[in-house]
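Remarks on the overall topology
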Amino acid sequence: MATTLELTVRTASWTRPPRELVRAFEAFPVANIGDAMERLGIVDGGISPVWEGARCVGSALPVLGAAGDNAAVIEALNYIQPGDVVVINGFGHEHRALVGEQLSQRFEAAGATGAVIDGYIRDRATITEIKFPVFARGVTPAGPFKNGPGVIGEPVAIGGIVCSAGDIVAADDDGVVIIPQARAAEILERVIAVAAHEAEMTAEITREYS
Ligand SMILES: O=C([O-])CC(=O)C(=O)O
C-alpha cells in the first residue's frame with residue numbers, strides 16, 4: 001500500500017516567562033549575561049547585528065524550517081505575542097534570505113522585540129531604517145522558497161546553542177545569548193553581581209590611569 005509523507009508546518013505550545021523577569025535583563029550587556037552563565041550559552045559570533053546599536057531582549061519563539069525556505073517563518077506570524085524574539089534555525093544557509101523588510105515590519109507589528117536568524121537576510125537598508133533589531137549571519141538579495149515543512153515552538157539549534165520556546169534571548173552589539181527559562185531567576189541574580197564587579201574594576205582602572 002502506498003503511503004504519503006505529508007510535510008506541513010507543525011506547532012507546539014509553550015509557557016512564556018513572566019514579563020518582569022524578561023525585562024530585568026534589558027539592564028545588562030550581553031557580555032555580562034554570558035559571564036553570569038559560566039560563559040556558556042553564547043551564540044557563535046557569526047550571528048551579529050544587522051545594524052549598529054541593535055539590541056533586544058525577549059521570550060524565544062523558535063522556528064525550524066528547511067534550508068532556504070521560510071514557510072514556517074511566515075506561519076510563525078500567527079503565534080507571535082508581544083515581547084517575543086523570533087529565533088530561526090536556518091541551518092546557516094547562505095544562498096537564500098529568510099527574512100527581509102516585510103517580515104521585519106510584520107514581526108514588529110505583532111509585538112516581537114527582535115529576530116535572531118542562523119541564516120541570511122535581505123533589505124538591510126530598510127531594516128536599518130525602521131530599526132527593527134535583527135541578528136543574522138549575513139545578507140543576500142536571493143529570496144526564500146515557501147514550500148515548508150517546518151516546526152514552530154520546539155527547541156532549535158542557533159549558532160551552536162539549544163534554544164527552547166520561552167527561553168530568554170538577549171542580543172546587542174556583541175552578539176546573542178540564550179538564557180534557559182528554568183535558570184533565568186538565578187542567572188539574573190548572578191548578572192547583577194557580575195555587573196557590580198565590572199563597575200568596580202572599571203573605576204579601579206580609571207583611578208590607576210588618571
Ligand atoms: O520573501 C520573503 O518572504 C522575505 C522578504 O523578502 C521580506 O520579508 O521582505
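Residues numbered from 1 in each chain as written. Predicted model: local features only at pLDDT ≥ 70, side-chain atom pairs only at ≥ 80, totals over all residues. Heavy atoms only, no water.

**So, the overall build of the protein chain**
Helix and strand content of the protein chain: six helices and 14 strands. When its C-alpha atoms are laid out on the principal axes, the protein chain stretches across 75 × 35 × 30 Å. Residues counted as buried form 47% of the 210 residues belonging to the protein chain. In the protein chain, once contacts between residues fewer than 6 apart in sequence are set aside, the share between residues at least 24 apart is 76%. For the protein chain, the accessible area works out to roughly 10,400 Å², and carbon and sulfur atoms hold 53% of it. With 16 positive and 27 negative side-chain charges, the protein chain shows a spacing of 4 Å between the two charge centroids. (Helix = DSSP H or I, 4+ residues; strand = E, 2+ residues; numbered from the N terminus. Buried < 20%, exposed > 50% of the residue type's maximum accessible area, 1.4 Å probe, protein only. Contact = heavy atoms within 4.5 Å. Areas by Shrake-Rupley, 256 points an atom, 1.4 Å probe, with all protein chains shown as cover. Lys, Arg positive; Asp, Glu negative; His and termini not counted. Charge placed at Lys NZ, Arg CZ, Asp CG, Glu CD.)

**A word on the sheet that holds strand β7 (residues 120-121)**
In spatial order, the strands read β5-β7-β9; together these three strands make up an open sheet with parallel pairing. Of all the strands in the sheet, just β5 (97-99) and β9 (138-139) have a single pairing partner and so form its edges. Bridge count for β7 against β9 is two bridges, and the pairing is parallel. Bridged to Ile 121 within β9 is Val 139. (Pairing = 2+ DSSP bridges.)

**Describing helix α4 (residues 101-110)**
Because an α-helix completes one turn every 3.6 residues, residues spaced three or four positions apart along the sequence face the same direction. For α4, the complete set of buried residues consists of Leu 103, Ser 104 and Phe 107. All buried residues of α4 project into a common sector of 105° when viewed along the axis, lining one side. Turned more than 90 degrees away from the buried face of α4 sit Gln 102, Arg 106 and Ala 109, all of them exposed. Along its buried surface, α4 packs onto α3 (71-76), β4 (84-89), β5, β6 (114-118), α5 (124-130) and β8 (134-136). In the segment just after α4, Gly 111 is the residue with positive phi, at about 105°. (Arc of directions from axis to C-beta.)

**Structural notes on the site of the ligand**
Every residue lining the ligand is accounted for by Asn 70, Gly 100, Glu 101, Gln 102, Leu 103, Arg 122, Asp 123, Pro 144 and Lys 146. At a separation of 2.8 Å, an oxygen atom of the ligand approaches a polar side-chain atom of Arg 122. Here Lys 146 contributes a side-chain N or O atom positioned 2.4 Å from an oxygen atom of the ligand. When the ligand is considered free in solution it has 270 Å² of accessible area, and contact with the protein chains removes 88% of it. For the shell around the ligand, the per-class residue count stands at two nonpolar, three polar and four charged. (Near = heavy atom within 4 Å. Polar contact = N/O pair within 3.5 Å; in protein donor to acceptor, adjacent residues only side chain to side chain. Nonpolar A, V, L, I, M, F, W, Y, C, P; charged D, E, K, R; others polar.)

**What to know about the packing of aromatic side chains**
When we look at a pair of aromatic rings, we describe it by the centre distance and by the angle of the planes. Considering all chains together, one arrives at one aromatic pair under this definition. Their ring planes at 50° and their centres at 6.2 Å tell us that Phe 107 and Phe 132 sit as a pair that is tilted. Highlighted residues: Phe 107 in helix α4 and Phe 132 in the loop between α5 and β8, separated in sequence by 25 residues. The pair Phe 107 / Phe 132 is uniform in exposure class, with both members buried. (Phe/Tyr/Trp six-rings, centres within 6.5 Å; stacked < 30°, edge-to-face > 60°.)

**Section: the pairing of β6**
Taking burial as the measure, the five residues of β6 include five buried ones, the bulk of the element. The alternating pattern of β6 places Gly 114, Val 116 and Asp 118 on one face and Ala 115 and Ile 117 on the opposite face, and all of these are buried. Relative to β6, β4 runs parallel, the two sharing five bridges. If you follow Val 86 over to β6, its bridge partner there is Ala 115. Note that β6 and β8 share two bridges and pair parallel. Within β8, the position partnered with Ala 115 by the bridge is Val 134.

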